[in-house]
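Here are the chains, one letter per residue:
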Amino acid sequence: MDHGTGRPAGAARIGILPIADFAVMSYAATVEPLRAANLLADRPLYEIIHLAADDAPVRSSGAAAVPPDARVGDALRLDMLFVIAGGDISDFSDPPLYRWLARLAREGVQLGGVSGGPVILARAGLMAGRRMTLHWEYAEALAEMSPDLAVERTLYVIDRDRMTCAGGTAPLDMMHALIARQHGPIFARRVSDWFMHTDIRPPIGPQRAGLAQRVGSHTPAVLDAVEAMESHVADPLDLNQLASIAGVSARQLNRLFADQLGQPAMRYYRALRLDRARSLLRNSALPLTQIALATGFANSSHFSRAYSEQFGQAPSRYR
């Protein structure tokens, strides 16, 4: 025992800060590899310290809750801290937490964010000048609010003293990399095997299924058109431009979309843009006018009419 810190000698102190409505999957995939590492090493490699704003357990998006060991702002000696967030964090604001995170950063604590956690690190001003990632559901909103951030659509990013992760099962891969760095790849493989996590994914792995799987088509012209649509949400292309990119006539492109995706190309395109808008409504505090422009609508009135037609309710009511 290291009596100076009250921790087992040699154990790294890892703070875990779940934010209310966090996803249990993201939490478990972050914490369980550390617990398994202690078990397989037959000695404490990691001391896990759960944190919260007060003494009340932090509730997840399901039935689980995590009781804290310490409070945010306590004078703790940490080696790393992971912020795990999920659900709707568009209105999340906690200046005392931001100040505490900034203090930890100044003290040399490595900071990590999981799923929506990187959004909180970004709002605290701690991701400027560093590469980062986060769950794809939050990516559009963060890009609109902070266009200067270096956001990547990958599973996880380790950039010096920051570790960010897309959440879900991706923390298993990130924690494998962390354990391998600190205790060697052979031991890290033992930890991963403990969870039947035999296919370790690289950090640059995609967050979502391939385009063909998501769209439900393997026709090159359809995939080329959808890829162009996804790249031009704020500045929509017209049907002739999409057909030119796909290498077919406009009439043929519409026929392919109707046969394979059940609707004409431009209707599919509008639905895709409205889905992006719905994500921004759910995960950001951007005004309706800005969301309308970010998803290619001329103004908020045009956007509201299209949104109501698609989803059966006004965007303001959905928010």
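Scroll up a little and you will see the structure.
Quick summary incoming for the structure in this document. (Residues numbered from 1 in each chain as written. Predicted model: local features only at pLDDT ≥ 70, side-chain atom pairs only at ≥ 80, totals over all residues. Heavy atoms only, no water.)

**Some details on the environment of His197**
Defined as follows: In this description a helix means any DSSP run of H or I spanning at least four residues, a strand means any run of E spanning at least two, and both kinds are numbered starting from the N terminus. Exposure classes here rest on a 1.4 Å probe applied to the protein chains alone. A residue is buried below 20% of its type maximum, exposed above 50%, and partly exposed in between. By the convention used here, residues are in contact when the closest approach between their heavy atoms is within 4.5 Å. Polar contacts here mean pairs of N or O atoms no more than 3.5 Å apart (in protein, one a potential hydrogen donor and the other a potential acceptor; neighbouring residues in sequence count only if both atoms are side-chain atoms).
Inspection of the secondary structure puts His197 in the loop between helix H6 (185-194) and helix H7 (211-215). Residue classification places His197 among the buried positions, given a relative accessible area of 11%. As for His197 and Asp173, which are separated by 24 residues in sequence, their C-alpha atoms are 8.7 Å apart. Leaving out residues up to four positions away in the same chain, His197 has contacts with Leu172, Asp173, Arg189 and Ser192. Within polar-contact distance, the side chain of His197 engages the side chain of Asp173 at 3.1 Å.

**Examining the packing of helix H8 (residues 220-231) against helix H11 (residues 265-283)**
Operational definition: Every angle, taken between N-to-C directions, lies between 0 and 180 degrees, and every axis is a line fitted to C-alpha atoms, over only the stretch in contact when it is a helix. The sense of a crossing depends on the near helix, which, turned anticlockwise from the far helix by less than a right angle, makes the crossing left-handed and, turned clockwise, makes it right-handed. Any residue outside Ala, Val, Leu, Ile, Met, Phe, Trp, Tyr, Cys, Pro, Asp, Glu, Lys and Arg is labelled polar, Gly included; the first ten of those are nonpolar and the last four are charged.
Between H8 and H11, the least distance of the axes is 10 Å, while the angle of their chain directions is 40°. Crossing hand, H8 versus H11: right-handed. Across the interface between the two elements, Val226, Met229 and Glu230 of H8 pack against Ala265, Tyr268, Tyr269, Leu272 and Arg276 of H11. Residue classes in the contact of H8 with H11 are distributed as six nonpolar, no polar and two charged.

**Quick look at the pattern of salt bridges**
The condition that has to hold: The term salt bridge refers to a pairing of a side-chain nitrogen on Lys or Arg with a carboxyl oxygen on Asp or Glu at a separation within 4 Å.
What the rule picks out here adds up to 15 salt bridges. Note that Arg71 and Asp55 form a salt bridge whose closest N and O atoms lie 2.9 Å from each other. With a gap of 16 residues between them, Arg71 in strand S5 (residues 70-71) and Asp55 in the loop between strand S2 (46-52) and strand S3 (58-59) connect regions that are remote in the sequence. Exposure remark for Arg71: the relative accessible area of 37% places this residue in the partly exposed category. Its relative accessible area of 56% is what places Asp55 among the exposed residues. The partner of Asp173 in a salt bridge is Arg201, with the nearest N and O atoms 2.6 Å apart. In this pair, Asp173 sits in helix H5 (residues 170-183) while Arg201 sits in the loop between H6 and H7, placing the two residues 28 residues apart along the sequence. Since its relative accessible area comes to 0%, Asp173 is described here as buried.

**Describing unusual backbone geometry**
Phi at Asp21 is positive, roughly 80°, even though this residue is not glycine. Inspection of the secondary structure puts Asp21 in the loop between strand S1 (12-18) and helix H1 (24-41). Phi at Ser115 takes a positive value of approximately 60°, unusual for a residue other than glycine.

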